[in-house]
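Per-entry structural report
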Amino acid sequence: MAYDPGNIFAKILRGELPAYRVYEDARVLAFLDIMPRAPGHTLVIPKAPSRNLLDIEPEDLAAVAAAAQRIARAQMTAFEAEGITVTQHNEHAGGQEVFHLHVHVIPRRLGVELKPPLSYKETADVLAEQAARLQAALAD
Ligand code: 5GP
């Protein structure tokens, strides 16, 4: 399947749509999911135009994995997490909704279930506060 540069995350990368950005380097961008399954739910994406795991270059995949680890470590303190769930979907059959590769990095607490996907759009105030909290932990 071909990469479609009109997808939402490509627009965020180009600055055409806003996002609560928390981390960026030469190869990746990380920002908060606007329909979080738990507080602090973050998406890590490659800057290269990759549809999913099936077409991404290994160097970009490695950079995404390293950034996901960085985000996970920062979430442990920023959100007083007790664990982290990492998921990544490929193609419609694999649960993918947005066709630019993204890794979900989700802070977890014991006994707290994840919200269902796409079930609740978080408010701007809450997302802004959470992004600031995660940025501060990433800077430590
Ligand atoms: P997928 O099912 O493709 O792995 O997940 C897509 C994710 O993108 C969902 O968790 C959804 O909440 C998130 N999402 C959809 N539209 C937007 C958007 O415009 N901005 C942000 N930050 N996240 C989005």
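Above: the structure in question.
To keep things clear, this report deals only with the structure shown in the data block. (Residues numbered from 1 in each chain as written. Predicted model: local features only at pLDDT ≥ 70, side-chain atom pairs only at ≥ 80, totals over all residues. Heavy atoms only, no water.)

Some remarks on the overall build of the protein
For clarity, the cut-off: In DSSP terms, a helix is any run of H or I states spanning at least four residues, a strand is any run of E spanning at least two, and both are numbered starting from the N terminus. We take the radius of gyration over the C-alpha atoms and set the globule estimate at 2.2 Å times the residue count to the 0.38 power. In this scheme, a residue with accessible area under 20% of its type's maximum is buried, one over 50% is exposed, and one in between is partly exposed, where area comes from a 1.4 Å probe on protein chains only. Contacts are assigned to residue pairs with any non-hydrogen atoms lying within 4.5 Å of each other.
In terms of helices and strands, the protein carries three helices and five strands. Helices and strands in the protein line up, N terminus first, as α-β-β-β-α-β-β-α. At 14 Å, the protein has a C-alpha radius of gyration in line with the 14 Å of a compact globule built from 140 residues. On the principal axes, the C-alpha backbone points of the protein span a range of 40 × 30 × 25 Å. Per-residue burial for the protein yields a buried fraction of 41% across its 140 residues. Sequence separation of 24 or more characterises 62% of the internal contacts of the protein that already satisfy a separation of 6 or more.

Description of the site of the ligand
Here is the rule we go by: Here a residue is considered near a molecule or strand provided that any single heavy atom belonging to it is located within 4 Å of it. Under the rule applied, a polar contact is a pair of N or O atoms within 3.5 Å (in protein, one hydrogen donor and one hydrogen acceptor; residues adjacent in sequence only if both atoms are side-chain atoms). Accessible areas in this description were obtained via Shrake-Rupley with a 1.4 Å probe; residue shielding takes into account the shown protein chains only. A 1.4 Å probe that fits into a set of points on a 1 Å grid over the protein atoms alone but cannot get out defines a cavity; an open set with protein on both sides within 12 Å along at least five of seven lines defines a pocket, and lining residues are those with an atom within 4 Å of a point. Occupancy of a cavity or pocket is assigned to a molecule whenever over half of its atoms lie within 2 Å of that pocket's grid points.
Among the 16 residues in the neighbourhood of the ligand, the closest are listed as Asp 33, His 89, Glu 97, His 102 and His 104. Contact distances for the ligand include 3.1 Å between an oxygen atom and a backbone N or O atom of Val 98. Within the side chain of His 102, a nitrogen or oxygen atom sits 2.7 Å from an oxygen atom of the ligand. Contact with the protein chains covers 89% of the free accessible surface of the ligand, which is 530 Å². Given that more than half its atoms are within 2 Å of the pocket grid, the ligand belongs to the largest pocket. Listing elements by their share of the shell around the ligand, those giving two or more residues are helix H1 (8-13) and strand S2 (28-32).

Here's the deal with the environment of Thr 123
Within the element layout of this structure, Thr 123 appears in the loop between strand S5 (103-108) and helix H3 (124-139). Classification of Thr 123 by relative accessible area gives partly exposed; the value is 39%. Measuring from C-alpha to C-alpha, the distance between Thr 123 and Met 35 comes to 9.4 Å, with 88 residues separating the pair along the chain.

Topic: helix H2 (residues 58-78)
Just so we agree on the cut-off: The span one expects for a helix is its residue count, reduced by one, times 1.5 Å.
Look at H2: 30 Å from first C-alpha to last across 21 residues, which is about the 30 Å you get at 1.5 Å a residue. Within H2 the residues assigned to the buried category are Asp 60, Ala 63, Val 64, Ala 67, Ala 68, Ile 71, Ala 72, Ala 74, Gln 75 and Ala 78. With its phi angle positive at about 45 degrees, Glu 80 sits one or two positions after the end of H2.

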